[in-house]
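Structural description and commentary
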Amino acid sequence: MKLGYTIIYVTDVPATVAFYETAFGLKQRFMHDSKTYAEMETGATALAFADESAVELNGLAVAPNRSGALAAAWEICLIPDDVLTAFDRAIEGGATPVAAPQQKPWGQTVAYLRDLNGCIVELASEIDGDNLG
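None of the values given here were measured: they were computed from a predicted structure.

With that out of the way, let us pick up the overall build of the chain. Of the regular secondary structure elements, the chain holds three helices and eight strands. Each helix (α) and strand (β) of the chain, taken in turn from the N terminus, gives the series β-α-β-β-β-α-β-α-β-β-β. A globule of 133 residues ought to have a C-alpha radius of gyration of about 14 Å, and the chain, at 15 Å, matches this closely. With the principal axes as the frame, the chain shows a C-alpha extent of 45 × 35 × 25 Å.

Take helix H3 (residues 83-92) next. If you check which residues of H3 are buried, you get Val83, Ala86, Phe87 and Ala90. With its buried residues spanning 105° around the axis, H3 presents them on a single face. Along H3, the residues that are exposed and aim more than 90 degrees away from the buried face are Thr85 and Glu92. Those residues of H3 that are buried are in contact with helix H1 (13-24), strand E6 (96-103), strand E7 (109-114) and strand E8 (120-124). Just downstream of H3 lies Gly94, where phi reads positive at about 110°.

What follows concerns the pattern of salt bridges. The full count for this structure, using the stated rule, is three salt bridges. In this structure, the salt-bridge partner of Glu39 is Arg29, at a minimum N-O distance of 3.7 Å. Of the two residues, Glu39 sits in strand E3 (residues 37-41) while Arg29 sits in strand E2 (residues 27-31), which places them 10 residues apart along the sequence. A residue is classified by how much of its surface remains accessible, and Glu39, at 10% relative accessible area, is buried. Under the relative-accessibility criterion, Arg29 is labelled partly exposed at 33%. Among the charged side chains, a network of salt bridges with common partners joins Arg29, Glu39 and Glu41.

What follows is about the sheet that holds E7. One open sheet holds the four strands; their spatial order is E5-E8-E7-E6, and the pairing between them is mixed. Sheet topology places strand E5 (75-78) and E6 at the edges, where each strand pairs with a single neighbour. With strand direction ignored, the average angle separating the axes of adjacent strands in the sheet is 15°. Together, E5, E7 and E8 form the strand contacts of H1, whose direction differs from that of E8 by roughly 30°.

This model, assessed by the stated rule, comprises five aromatic pairs. Measuring from ring centre to ring centre gives 5.4 Å for Phe19 and Tyr20, while their planes differ by 75°; the resulting arrangement is edge-to-face. For the residue pair Phe19 and Tyr20, the accessibility class agrees, reading buried in each case. Seen from their ring centres, Tyr20 and Phe24 are 5.2 Å apart, and the 40° between their planes marks the pair as tilted. With a gap of four residues between them, Tyr20 and Phe24 both fall in helix H1, about one helical turn apart. Note on Phe24: relative accessible area 14%, which makes it buried.

Thresholds applied
Residues numbered from 1 in each chain as written. Predicted model: local features only at pLDDT ≥ 70, side-chain atom pairs only at ≥ 80, totals over all residues. Heavy atoms only, no water. Helix = DSSP H or I, 4+ residues; strand = E, 2+ residues; numbered from the N terminus. Rg over C-alpha atoms; globule rule 2.2 N^0.38 Å. Buried < 20%, exposed > 50% of the residue type's maximum accessible area, 1.4 Å probe, protein only. Arc of directions from axis to C-beta. Contact = heavy atoms within 4.5 Å. Salt bridge = Lys/Arg side-chain N within 4 Å of Asp/Glu carboxyl O. Pairing = 2+ DSSP bridges. Axes fitted to C-alpha atoms, helices over the stretch in contact; angles between N-to-C directions. Phe/Tyr/Trp six-rings, centres within 6.5 Å; stacked < 30°, edge-to-face > 60°.

Okay, structure coming up:
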(Lines give C-alpha, C1' and ligand atoms only; values in the text may rest on other atoms or scores of the structure.)
Protein backbone atom coordinates (compact mmCIF):
# COMPACT_ATOMS: atom_id res chain seq x y z
CA MET A 1 0.00 0.00 0.00
CA LYS A 2 1.25 3.49 -0.79
CA LEU A 3 -0.24 6.97 -0.78
CA GLY A 4 -0.97 7.94 -4.37
CA TYR A 5 -2.91 11.20 -4.25
CA THR A 6 -4.24 13.85 -1.96
CA ILE A 7 -7.30 15.30 -3.70
CA ILE A 8 -8.87 18.51 -2.44
CA TYR A 9 -12.33 19.48 -3.66
CA VAL A 10 -12.47 23.15 -4.60
CA THR A 11 -14.83 25.60 -6.29
CA ASP A 12 -12.36 26.69 -8.98
CA VAL A 13 -9.62 24.29 -10.06
CA PRO A 14 -7.73 26.68 -12.42
CA ALA A 15 -7.71 29.45 -9.79
CA THR A 16 -6.45 27.02 -7.16
CA VAL A 17 -3.66 25.78 -9.44
CA ALA A 18 -2.64 29.38 -10.20
CA PHE A 19 -2.64 30.16 -6.47
CA TYR A 20 -0.39 27.19 -5.60
CA GLU A 21 1.97 28.14 -8.44
CA THR A 22 2.22 31.74 -7.23
CA ALA A 23 2.12 31.26 -3.46
CA PHE A 24 4.16 28.07 -3.13
CA GLY A 25 6.12 27.81 -6.38
CA LEU A 26 4.57 24.46 -7.32
CA LYS A 27 4.19 23.55 -10.98
CA GLN A 28 1.13 22.11 -12.66
CA ARG A 29 1.67 18.49 -13.71
CA PHE A 30 -1.67 17.92 -15.43
CA MET A 31 -5.03 19.62 -15.97
CA HIS A 32 -7.96 17.85 -17.58
CA ASP A 33 -9.46 19.61 -20.60
CA SER A 34 -12.67 20.14 -18.59
CA LYS A 35 -10.69 22.21 -16.03
CA THR A 36 -12.35 20.16 -13.26
CA TYR A 37 -9.26 18.18 -12.22
CA ALA A 38 -5.57 19.04 -11.94
CA GLU A 39 -2.40 17.71 -10.36
CA MET A 40 0.65 19.57 -9.10
CA GLU A 41 4.29 18.44 -9.22
CA THR A 42 4.90 17.50 -5.60
CA GLY A 43 7.13 14.44 -5.73
CA ALA A 44 6.02 10.84 -5.36
CA THR A 45 2.57 11.69 -3.99
CA ALA A 46 0.43 13.95 -6.15
CA LEU A 47 -1.40 16.95 -4.75
CA ALA A 48 -4.57 17.17 -6.84
CA PHE A 49 -7.59 19.44 -7.02
CA ALA A 50 -11.03 18.39 -8.21
CA ASP A 51 -14.10 20.52 -8.80
CA GLU A 52 -16.75 20.21 -6.09
CA SER A 53 -19.12 18.82 -8.74
CA ALA A 54 -17.06 15.60 -8.56
CA VAL A 55 -18.16 15.07 -4.96
CA GLU A 56 -21.75 14.28 -5.92
CA LEU A 57 -20.66 12.53 -9.13
CA ASN A 58 -18.57 10.16 -7.00
CA GLY A 59 -21.44 9.61 -4.56
CA LEU A 60 -19.73 11.43 -1.71
CA ALA A 61 -20.87 14.02 0.81
CA VAL A 62 -18.35 16.47 2.27
CA ALA A 63 -18.24 19.77 4.09
CA PRO A 64 -16.91 22.24 1.50
CA ASN A 65 -13.64 24.10 2.04
CA ARG A 66 -14.33 27.83 2.44
CA SER A 67 -11.98 30.67 3.29
CA GLY A 68 -14.36 32.22 5.82
CA ALA A 69 -15.23 28.97 7.60
CA LEU A 70 -13.44 27.04 10.31
CA ALA A 71 -10.71 24.98 8.63
CA ALA A 72 -11.23 21.26 8.20
CA ALA A 73 -9.30 18.87 10.45
CA TRP A 74 -6.48 18.11 7.98
CA GLU A 75 -3.56 19.94 6.40
CA ILE A 76 -1.15 19.83 3.51
CA CYS A 77 2.52 19.91 4.55
CA LEU A 78 5.03 21.33 2.08
CA ILE A 79 8.76 21.15 2.76
CA PRO A 80 10.64 24.14 1.32
CA ASP A 81 14.37 24.79 1.45
CA ASP A 82 13.74 27.83 3.67
CA VAL A 83 10.52 28.06 5.71
CA LEU A 84 10.69 31.82 6.38
CA THR A 85 11.28 32.68 2.72
CA ALA A 86 8.49 30.32 1.65
CA PHE A 87 6.15 31.78 4.29
CA ASP A 88 6.78 35.33 3.05
CA ARG A 89 6.31 34.27 -0.58
CA ALA A 90 3.04 32.52 0.27
CA ILE A 91 1.67 35.65 1.96
CA GLU A 92 2.72 37.78 -1.03
CA GLY A 93 0.94 35.19 -3.23
CA GLY A 94 -2.34 35.55 -1.35
CA ALA A 95 -2.12 33.00 1.46
CA THR A 96 -3.51 33.99 4.84
CA PRO A 97 -0.99 33.66 7.69
CA VAL A 98 -2.07 31.54 10.65
CA ALA A 99 1.19 31.04 12.57
CA ALA A 100 4.58 32.54 11.73
CA PRO A 101 7.60 30.23 11.46
CA GLN A 102 8.65 28.81 14.81
CA GLN A 103 11.49 26.53 15.84
CA LYS A 104 10.10 23.40 17.51
CA PRO A 105 11.91 21.68 20.42
CA TRP A 106 12.89 18.80 18.11
CA GLY A 107 14.67 21.24 15.76
CA GLN A 108 12.09 21.55 12.99
CA THR A 109 10.88 24.97 11.78
CA VAL A 110 7.12 25.08 11.17
CA ALA A 111 4.65 27.72 9.92
CA TYR A 112 0.95 27.62 9.05
CA LEU A 113 -1.14 29.44 6.42
CA ARG A 114 -4.54 29.07 4.78
CA ASP A 115 -4.95 28.87 1.03
CA LEU A 116 -7.62 30.64 -1.03
CA ASN A 117 -10.05 27.78 -0.26
CA GLY A 118 -9.48 27.98 3.49
CA CYS A 119 -7.32 24.83 3.61
CA ILE A 120 -4.47 24.72 6.11
CA VAL A 121 -0.99 24.54 4.59
CA GLU A 122 1.96 23.77 6.84
CA LEU A 123 5.43 24.79 5.75
CA ALA A 124 8.03 22.72 7.56
CA SER A 125 11.73 22.04 7.44
CA GLU A 126 12.92 18.46 7.13
CA ILE A 127 12.72 16.54 10.38
CA ASP A 128 16.09 15.68 11.88
CA GLY A 129 15.58 12.11 13.05
CA ASP A 130 18.45 12.46 15.54
CA ASN A 131 16.40 14.98 17.57
CA LEU A 132 13.15 13.01 17.80
CA GLY A 133 14.24 11.15 20.92
